[in-house]
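# Survey of secondary and tertiary structure
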Amino acid sequence: MAVYTDITEDDLKDFLTQYDVGELTSYKGIAEGVENSNFLLHTSREPLILTLYEKRVEKADLPFFLGLMQHLAARGLSCPLPLPRKDGALLGELSGRPAALISFLEGMWLRKPEARHCREVGQALARMHLAGEGFALKRPNALSLEGWKSLWQKSAARADEVEPGLREEIGAELAFLEGQWPQDLPAGVIHADLFQDNVFFLGDELSGLIDFYFACNDMFAYDVSICLNAWCFEKDGAYNLTKGMALLEGYDAVRPLLPQERQALPVLCRGSAVRFFLTRLYDWLTTPEGALVVKKDPLEYLRKLRFHRSIASSVEYGLKVETGA
Ligand SMILES: Nc1ncnc2c1ncn2[C@@H]1O[C@H](COP(=O)(O)OP(=O)(O)O)[C@@H](O)[C@H]1O
Ligand SMILES: N[C@@H](CCOP(=O)(O)O)C(=O)O
């Protein structure tokens, strides 16, 4: 359960006096998520999400995240909106943490997505990339090459505890990625964490995207690679070509991938596998026993990384025609 910071009813009621949201009728911590503390509130008017921002969120980045949700929603993307306080601010403080009230998005995330859902995710990701155009604020990706190296420095000494030989393998992978990382692909605002628990569906229809707290400026095709990793592998570790094809077709139908983006997919998939492997490994090694959070398995991403190393051409991800390769 991801509630790192507890709140008292009195403090919450006091916090809510700064907003025009009616009377609090109930609240409870939300079990899902690993990054921030989230609470579901009911008021006399509407359900709301209260988020207390935790360790990985820099306070200085919050205007980017909250402003981005407003920008995307204003351009027709279905996503939650931060609620302004009576004084107009989007951000307050509760239990010593930066805190915001966010509108409640209807829907549920899919535990067993099928290819048709992956197609919708591809489309929604591309729509988000287009809708992000014109957003005035910038946020470089803190979890790209440099960020991976510093995370690795913090975990490398203990990596072999998780699997013998990891220290050497990941060291070599980072050196490879540093040499091969694409530099000139189309870039803009990306979600950077569009996993299954961050995409809501109502029935079979995608109802919206949540959790923009890793969003940043980076390559669009890198975001596609994150989604391939998150949506197109089965529990047994096998890549599902049908899902990959659907996700890529969905994306391509809204924002066609350029030949150089298609060609870069294998290295981008390796990079995004390393990125999630490293945050999971760090959390695995540092989260105290008994913490109210379900730790995610780093080895799942090690297996994905190894799969991507075996890929000779982007066609193997389900791209129908590879041009310019
Ligand atoms: N705007 C929202 N509307 C409805 N449910 C939400 C909303 N934001 C978060 N949630 C719920 O809280 C859970 C955790 O949110 P998330 O943003 O993924 O957490 P974290 O910040 O830890 O990544 C989600 O899986 C969902 O159940
Ligand atoms: N998606 C990340 C963890 C962060 O995601 P959250 O939405 O659960 O906070 C991973 O799977 O490693």
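Per an unreviewed UniProt entry, the protein chain carries the name Homoserine kinase and comes from Pseudorhizobium endolithicum. Under the Sequence similarities (unreviewed entry) heading, UniProt states for the protein chain: "Belongs to the pseudomonas-type ThrB family." Under the UniProt heading Catalytic activity (unreviewed entry), the note attached to the protein chain is "L-homoserine + ATP = O-phospho-L-homoserine + ADP + H(+)".

The UniProt record marks residues 27-257 with the feature "domain: Aminoglycoside phosphotransferase" (unreviewed entry), using the residue numbering of this structure. As annotated, residues 27-257 has a helix share of 37% and a strand share of 19%, and its two end C-alpha atoms lie 44 Å apart.

Partitioning the protein chain into structural domains gives domain 1 (9-103) and domain 2 (115-317). When each unit is reduced to the centre of its C-alpha atoms, the spacing between domain 1 and domain 2 is 26 Å. The partner domain 2 presents 18 residues to the 20 residues of domain 1 that form the contact. By residue class, the composition of the side of domain 1 that touches domain 2 is eleven nonpolar, five polar and four charged.

On to the nonpolar core, then. Formed by 75 residues in total, the largest nonpolar core has its most connected members in V121, L125, A215, A221, C227, L247 and F277. Here this core gets ten residues from one element, more than from any other, and that element is helix α9 (residues 259-286). Two domains each put at least three residues into this core: domain 1 (9-103) and domain 2 (115-317). Here L247 is in contact with C118, R119, V121, G122, C227, L228, W231 and C232, once residues within four sequence places are set aside.

Surrounding ligand 1, one finds 18 residues, the nearest of these being G33, E35, N36, P80 and D211. Among the residues forming the shell around ligand 1, the class breakdown is ten nonpolar, four polar and four charged. There are two domains that each give the shell around ligand 1 at least three residues, and those are domain 1 (9-103) and domain 2 (115-317).

In the vicinity of ligand 2, the contacting residues are G33, V34, E35, D193, F195, D197, N198, D211, F276, T279, R280 and K296. Here the shell around ligand 2 is composed, by residue class, of three nonpolar, three polar and six charged. Summarising the domain contributions, the shell around ligand 2 has at least three residues from each of domain 1 (9-103) and domain 2 (115-317).

W148, W152 and S155 are the residues of helix α4 (residues 145-155) that are buried. Seen along its axis, α4 keeps its buried residues to an arc of 65 degrees; they face one direction. Structural note: α4 exposes E146, S150 and Q153 on the side pointing more than 90 degrees away from its buried face. In this structure, the buried side of α4 is in contact with α5 (159-162), α6 (166-180) and α9.

Judged by pairing direction, the sheet is antiparallel, and its five strands sit side by side in the order β1-β2-β3-β5-β4 without closing on themselves. The open sheet has two edge strands with one neighbour each: β1 (24-29) and β4 (92-94). Sheet twist, expressed as the mean angle between neighbouring strand axes with direction ignored, is 35 degrees. Pairing between strand β3 (residues 47-52) and strand β5 (residues 97-103): five bridges, direction antiparallel.

The subject of this paragraph is the environment of T286. Inspection of the secondary structure puts T286 in helix α9. Looking at T286, the number of C-beta atoms within 10 Å reads 13, which means it is partly exposed. Measuring from C-alpha to C-alpha, the distance between T286 and S155 comes to 9.0 Å, with 131 residues separating the pair along the chain.

On the secondary structure map, A74 appears in helix α2 (residues 62-74). Measuring from C-alpha to C-alpha, the distance between A74 and A131 comes to 8.9 Å, with 57 residues separating the pair along the chain.

Glancing now at unusual backbone geometry. Even without being a glycine, A192 presents a positive backbone phi close to 75 degrees. With respect to the element layout, A192 can be found in the loop between β6 (187-190) and β7 (199-202). Residue A192 is classed as buried on the basis of its C-beta count, with 23 C-beta atoms lying within 10 Å. At D211, a position not held by glycine, the phi torsion is positive, near 65 degrees. One can find D211 in the loop between β8 (205-209) and β9 (216-219).

Scoring rules and cut-offs
Starting from 1, residues in each chain are numbered consecutively following that chain's sequence as written. Here chains are named by letter from A upward and ligands by number from 1 upward, in the order in which they appear as written. Since the coordinates come from a predicted model, pLDDT governs what is reported: local features require at least 70, and pairs of side-chain atoms require 80 or more to be given and counted, while whole-chain, interface and lining totals use all residues. UniProt positions are given in the numbering used here, feature names are shortened, and annotations may be inferred rather than shown by experiment. Helix and strand assignments come from DSSP, with helices taken as H or I runs of at least 4 residues and strands as E runs of at least 2, each series counted from the N terminus. Where each domain begins and ends follows an automated or database-derived domain assignment. We call two residues in contact when their backbone-placed C-beta atoms lie within 7 Å. The classification used treats Ala, Val, Leu, Ile, Met, Phe, Trp, Tyr, Cys and Pro as nonpolar, Asp, Glu, Lys and Arg as charged, and all other residues, Gly among them, as polar. We define a nonpolar core as a collection of buried residues of the types Ala, Val, Leu, Ile, Met, Phe, Trp, Tyr and Cys that are connected via C-beta atoms lying within 7 Å of each other. Residues are called buried when their C-beta atom has 20 or more other C-beta atoms within 10 Å, exposed when it has 12 or fewer, and partly exposed otherwise; all C-beta atoms are positioned from the backbone. For each residue, a C-beta atom is positioned from the backbone; the residue is called near a molecule or strand if that atom sits within 6 Å of it. In this context, the arc is that of the directions from the helix axis out to the C-beta atoms. Think of it this way: DSSP has to see at least two bridges between two strands before they count as a pair. Only the stretch in contact is used when fitting a helix axis, every axis being a line fitted to C-alpha atoms; angles between N-to-C directions are given from 0 to 180 degrees.

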